[in-house]
Amino acid sequence: MDEKAIFGLALGIDGTPWRVTEVKLDLSAGVLDIYLDFPPGTRFGRPSDGTLCPVYDTAEKTWRHLNFFQYECHLHAWVPRIDGGESEGIKTVEVPWARRPGFTLLMEAMMMLLCQTGMTVAEAGRVVGETAHRLWRVLFYHVDKAHRALDVSTVTQLTVDETSVRRGHEYVTVVCEPANRAARRPTRVLYVTPGKDAAAVEQAGEFLAQRGVPPEQIQEVCADMSPAYEKGIQKSFPDAQLVFDFFHVVQLLTVAVDTVRRRESADFPELLKGTRYLWLKNQENLTPEQQEQRRQLCRSKLATGKAHCHLAAFQDLLKAREVDEAVAGLKWWYNWVCHSRIPEMIKVAKSIKTHWDGIVAYLKTRLTNAAAEALNGIIQTAKRKSRGFRNFEYFRAVIYLVGSKLKFDLPSPIPPHPLTSS
């Protein structure tokens, strides 16, 4: 088998009209050029109906391909044009190795793979020897195409959370579908939009409606206790049960405990100095000495110790298996805190009372933003590695890339391993 036939098999053009006609390796320039052509008289199928048509004329096109060892590889071909019919006129024939001039499909697949595995676009560009600008064009095309093909027909639950774009309180809203065990699907990002207000939730509702998901199909929506999100959810998903995120409520109580500690530290510095993380950490994350120290402080008359007991009791109540038992305990807890004479804790208790239905809904559904927060961490890591993004479109593309579990219609740039290709 000669070199032309070998390269033809490697390019996957066997069974097509295309043939490798010439191979040139320029050692000094470090470039491999592969030339392809088709036999005279070849007819190509019309895109609209498959009718075989003669070639009208040809135009020379070039594509960057995967490197051949350490050599930069380019494909060259005279691409024919044919009669596309009355409605389309003269049409350029689609080649089997690329979607357009610029890069082959395998080259684009390698670019996407590098970006998916944690590299920034700039880093992936340096690996393949291309500019970040050209990689962004490829990324935008395939992410947008895959996101438009995202199947959302079975979505019944949503989580709504915000993530920062940059310093200065600039945020985007990220709407996710929680893990779907029936469909064996992990948590995934469905929609991203600028802002963290009611309009952002309404845009997510419009996105789902355009994809064939009516508002009444959404049964539960989990969010923090943001009034703006609550308003948007009630307007866009009026039949959905609003569930307030358990971890957000606990965070409010944790902040209140720390506020009490800071207030009391001025009067009791010898007892509370250096104890901040003693109150913020969970019991299992403390050393035996720290656990004993916290127990001793909780037995004292310090308001900080009492506030921490309120927090611990609240966490224990929400772990109860029986909903009625947890609701009864929550009512008792509310009365206990309101009689504590600790203003910071009373304020949080009254906020919980205001959002009572959403917290009880958590006890029934156990729906949280935990997985969405984990995705948020991945998103923020990607943002920091990229040193931020120039505008929202770049940030959104990366969020969909790392968080939406997209399926790209691209060939694998890595050959299957014999042990894993079964």
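Residues numbered from 1 in each chain as written. Predicted model: local features only at pLDDT ≥ 70, side-chain atom pairs only at ≥ 80, totals over all residues. Heavy atoms only, no water.

## Some thoughts on the overall build of the protein
Reasoning step 1: On a plain count of helices and strands, the protein comes out with 16 helices and 13 strands.
Reasoning step 2: The C-alpha radius of gyration computed for the protein amounts to 30 Å, which surpasses the reference 22 Å derived for 422 residues by more than 25%, pointing to a less compact arrangement than a globule.
Reasoning step 3: If one aligns the C-alpha atoms of the protein with their principal axes, the spans along those axes are about 95 × 50 × 45 Å.
Reasoning step 4: In the protein, which comprises 422 residues, the share counted as buried stands at 46%.
Reasoning step 5: Restricting the contact set of the protein to residue pairs at least 6 apart, pairs at least 24 apart contribute 56%.
Reasoning step 6: A total accessible area of about 23,100 Å² is found for the protein, and carbon and sulfur atoms account for 52% of it.
Reasoning step 7: Charge separation in the protein, taken as the distance between the mean sites of 54 positive and 49 negative side-chain charges, equals 6 Å. (Helix = DSSP H or I, 4+ residues; strand = E, 2+ residues; numbered from the N terminus. Rg over C-alpha atoms; globule rule 2.2 N^0.38 Å. Buried < 20%, exposed > 50% of the residue type's maximum accessible area, 1.4 Å probe, protein only. Contact = heavy atoms within 4.5 Å. Areas by Shrake-Rupley, 256 points an atom, 1.4 Å probe, with all protein chains shown as cover. Lys, Arg positive; Asp, Glu negative; His and termini not counted. Charge placed at Lys NZ, Arg CZ, Asp CG, Glu CD.)

## What to know about the packing of helix α7 (residues 246–265) against helix α11 (residues 303–317)
Reasoning step 1: As a packed pair, α7 and α11 sit with axes 8 Å apart at the nearest point and diverge in direction by 170 degrees. Comparing their axes, α11 and α7 come out roughly antiparallel. Of the residues in α11, those in contact with V249, V250, L253, T254, V257, V260, R261 and E264 of α7 are A303, T304, A307, H308, L311, F314 and Q315.
Reasoning step 2: For the contact of α7 with α11, a count of residues per class yields nine nonpolar, four polar and two charged. (Axes fitted to C-alpha atoms, helices over the stretch in contact; angles between N-to-C directions. Parallel < 35°, antiparallel > 145°, perpendicular 65-115°, else oblique. Nonpolar A, V, L, I, M, F, W, Y, C, P; charged D, E, K, R; others polar.)

## Here's the deal with the packing of helix α2 (residues 105–116) against helix α3 (residues 121–128)
Any two packed helices are characterised by how steeply their axes cross, that is the angle between the axes, and by the distance between the axes.
Reasoning step 1: For the pair α2 and α3, interaxial distance at closest approach is 9 Å and the crossing angle is 135 degrees. Put simply, α2 runs oblique to α3. Crossing angle aside, the handedness with which α2 passes α3 is right-handed. Touching M107, M110, M111, L114 and C115 of α2 are V121, A124, V127 and V128, all from α3.
Reasoning step 2: Its residues assigned to classes, the contact of α2 with α3 shows nine nonpolar, no polar and no charged. (Left-handed = near helix turned anticlockwise from the far one by under 90°.)

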